[in-house]
Amino acid sequence: MRLHFLQGNLTPPSPFKRGLLNPLLQKGEGLGMRLNIASHSSNPMKKIQSALLSVYYKDGLEPIVKLLHQHGVQLYSTGGTQTFIENMGIPVTAVEDLTGYPSIFGGRVKTLHPAVFGGILYRREDEGDLAQAAQFNIPAIDLVVVDLYPFEETVASGASDEDIIEKIDIGGISLIRAGAKNFQDSLIVSSRNQYADILSILTEKEGATELSDRRRYAQEAFATTSHYDTAINQWFMQQAAGIPALTTNIYAFTELPQNSLRYGENPHQAATFYGDLEAMFDKLHGKELSYNNLVDVDACVALIDEFGTKPTFAIIKHTNACGVATATTAKEAYLTALACDPVSAFGGVVITNTTVDLETAEELNKLFMEILIAPAYEPEALKLLQSKKNRILLQRKIVGLPLKMFKTILNGVLEQDKDIVVEVGEQFKTVTTKAPTESEVKALEFALKVCKHTKSNTIVFANENQLIASGTGQTSRVDALRQAIDKAKAFGFDLQGSAMASDAFFPFADCVEIAHQAGVTAVVQPGGSIRDQDSINYCNEHGVAMVTTGVRHFKH
């Protein structure tokens, strides 16, 4: 055994004090133990000489283990991770040999021991710590790799309370906190999502890390523990309230990848995106996405997902649709959507649910747009669209989206379910003498889909396959209606025979009166006003069909 004492007058531990590491001392040099209690260098670059690995999932671990072994790193491990390393033919010391205690209480206690936590936490530049490490033969641990028990996955699986509780990681969380606290000397890898990054760092720096690396990983480690403890707390709160365990992963952004943006909604605002954009999109061309880009992309995705597989295009500006159309071909759908409001489309975000072919790309290329999103591009179409330097081209992948929405407000956070309800003809309740025709029902369905994704107060005019005009974000429903009428006229649309959707009920009959005078023949609205009958009576008197849904779609 090599003991590097800071001062020559330190005496080895007495037989009584040696009890902590008695098995190791008996085996001595054969375990390759290194105590590394030499004076700490002022150089922020630190060579890893010992590592503790304790992970649940082993995916991606093998190349890290091989690299550490190549650099002569002493490896310590437990249970399944130890077996994994041994099966690779790489020497590893069991934590039980380090601590002198076996894994006990069904594996609940393995690493919780001063020999482990002392090795992580003792300060390499503190004379008192160095002396105690030497006195108790506590080896330095420079790297800790942990992948926690899958608590959220266990909850989501519908497992029993007993199984869920057993997946509350104790030792792993403690190791993460210890490694993060002593980032001056130890590097903590707290998630398998970091494996690729740490492998790159250790390869590039030949088994060493800089202080900036360790500090960054410490911050990410505390984000990991915060997320993990939040999930556990939420589960206990649900149990106390008698709410069944969640069947989907508990949402918390602290665990997600972080991407710093150029700035926020405005240049003076800092911003960060938490999430894995690469899981949802392949960026095929263009500059980096901004905060406002991401907000509009989110609005685009939410809207296009209402329209199934028939070729559809939507054009978004400041999260509101300024063009939506469905047709038999992609080109026809795009041109029909653009016709709705070609002025607002300038500088907008365009999305489609169909492959962009060359014929469609030739039309798209005439428009200045910030972003184009599609599930696929024909090679010739992609080449043409890439001719504009800054245009962002995204290819969308199939990925599940959160069903919860969060918003910081005052001194707290609001949480709500995402609005995933959209009403179709079978759910419409005809409240007027005249029922809508089959064509009008399709137009009402189309208008309602767009209405749901438009800022309140809103009124939307549409036919079976096209948004005609909308009034968006107005302080009164009448103002939204008048705005929609003016926009329709400005772009040459005849509202005669069109359908109208409202995101909320009509408090008075004035809206249906104005809409009828403009040419509207069918109306869909939630209903629920104490004056509903006034609007219904007007429609009956003037031959307008009205249906109610019982569902409001405010959007703020």
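Residues numbered from 1 in each chain as written. Predicted model: local features only at pLDDT ≥ 70, side-chain atom pairs only at ≥ 80, totals over all residues. Heavy atoms only, no water.

J.: If you had to explain unusual backbone geometry to someone new, which residues and values would you point to?
T.: Here the amide bond leading from S456 into N457 is cis, since omega sits at -10°, within 30 degrees of zero. Structurally, the position occupied by N457 is in the loop between α18 (438–452) and β19 (459–462). A positive phi is found at E206, a non-glycine position, where the angle reads about 55°. Examined against the element boundaries, E206 turns out to sit in the loop between α10 (195–204) and β7 (208–209). Its identity is not glycine, yet T319 carries a phi of approximately 70°, on the positive side. Within the fold, T319 resides in the loop between β11 (312–317) and β12 (320–326). Using a relative accessible area of 10% as the deciding quantity, one classes T319 as buried. (Helix = DSSP H or I, 4+ residues; strand = E, 2+ residues; numbered from the N terminus. Buried < 20%, exposed > 50% of the residue type's maximum accessible area, 1.4 Å probe, protein only.)

J.: Describe the packing of helix α19 (residues 477–490) against helix α20 (residues 510–518), with residues and values.
T.: Relative orientation of the contacting elements α19 and α20 amounts to 10°, with a least axis distance of 10 Å. Judged on the interaxial angle alone, α20 and α19 are roughly parallel. In this structure, α19 contributes R477, V478, L481, R482 and I485 to the contact, and α20 contributes D510, C511, I514, A515 and A518. Partitioning the contact of α19 with α20 into residue classes produces seven nonpolar, no polar and three charged. (Axes fitted to C-alpha atoms, helices over the stretch in contact; angles between N-to-C directions. Parallel < 35°, antiparallel > 145°, perpendicular 65-115°, else oblique. Contact = heavy atoms within 4.5 Å. Nonpolar A, V, L, I, M, F, W, Y, C, P; charged D, E, K, R; others polar.)

J.: Go over the pattern of salt bridges, please, and point to the residues and values.
T.: A full pass over the atoms with the stated rule returns 22 salt bridges. Of the charged contacts, one joins E210 and K205 as a salt bridge, the two residues approaching to 2.9 Å between their closest N and O atoms. Overall, the relative accessible area of 29% leaves E210 in the partly exposed class. Assessed through its relative accessible area of 19%, K205 is described here as buried. Here K287 and E370 are joined by a salt bridge, their closest N and O atoms 3.7 Å apart. With K287 in the loop between β10 (281–285) and α13 (291–304) and E370 in strand β14 (residues 369–374), the pair connects residues that are 83 residues apart, well separated along the chain. Because the salt bridges share partners, they merge into one network encompassing K46, R124 and D142. (Salt bridge = Lys/Arg side-chain N within 4 Å of Asp/Glu carboxyl O.)

J.: Give me the lowdown on the sheet that holds strand β23 (residues 545–548), citing residues and values where you can.
T.: Spatial ordering of the open sheet is given by β18-β23-β22-β21-β19-β20, a layout of six strands whose pairing is mixed. Each end of this open sheet is capped by a strand with a single partner; those strands are β18 (429–430) and β20 (467–471). Relative to β20, β19 is paired through four bridges, and the arrangement is antiparallel. Directly across from F461, in β20, lies its bridge partner A469. Packing of α19 onto the sheet brings it into contact with β19, β20 and β21 (499–502), and relative to β20 it is tilted by some 140°. (Pairing = 2+ DSSP bridges.)

J.: Outline the pairing of β14, supporting the account with residue identities and numerical values.
T.: Of all six residues that make up β14, five are buried, and the element is covered over most of its length. Bridge analysis of strand β13 (residues 348–352) against β14 gives four bridges, and the strand direction is parallel. Looking at β14, one finds that V350 is bridged to L372. Taking the sense of rotation as the criterion, the β-α-β connection linking β13, helix α16 (residues 358–364) and β14 turns out right-handed. Taken together, the four bridges between β14 and strand β15 (residues 392–396) define a ladder with parallel strand orientation. Each bridged residue has a counterpart across the sheet, and for I371 the counterpart in β15 is I392. (Right-handed = clockwise from strand over helix to strand, strands pointing away.)

J.: Hey, could you go over the sheet that holds β11 for me, with residue numbers and the actual values?
T.: If you walk across this open sheet you meet the six strands as β10-β15-β14-β13-β11-β12, and the pairing is mixed. With one partner strand each, in any of the chains shown, β10 and β12 form the two edges of the open sheet. For this sheet, the mean inter-axis angle between neighbouring strands, taken without regard to orientation, is 20°. Where β11 lies against β12, six bridges are found, and the strand directions are antiparallel.

J.: Give me the lowdown on the nonpolar core, citing residues and values where you can.
T.: One finds V297, V324, I371, I373, L394, V450 and L467 to be the most contacted residues of the largest nonpolar core, which totals 40 residues. Once residues within four sequence positions are removed from consideration, L467 is found in contact with A321, C322, G323, V324, C340, F446, V450, V460, F461 and A462. Within the second largest apolar cluster, 29 residues are counted, among which are I120, I188, A221 and I232. (Core = buried A, V, L, I, M, F, W, Y, C linked by side-chain atoms within 4.5 Å.)

J.: Tell me about a nonpolar patch on the surface, and please be specific about residues and values.
T.: Nonpolar side chains collect at one region of the surface, where L403, I420 and V421 lie side by side and expose about 290 Å² of accessible area between them. Topologically, V421 is positioned in the loop between β17 (412–417) and β18. Under the relative-accessibility criterion, V421 is labelled partly exposed at 40%. (Patch = residues over 30% accessible without salt bridge, like charges linked within 9 Å, V, L, I, M, F, W, Y side chains within 5 Å. Areas by Shrake-Rupley, 256 points an atom, 1.4 Å probe, with all protein chains shown as cover.)

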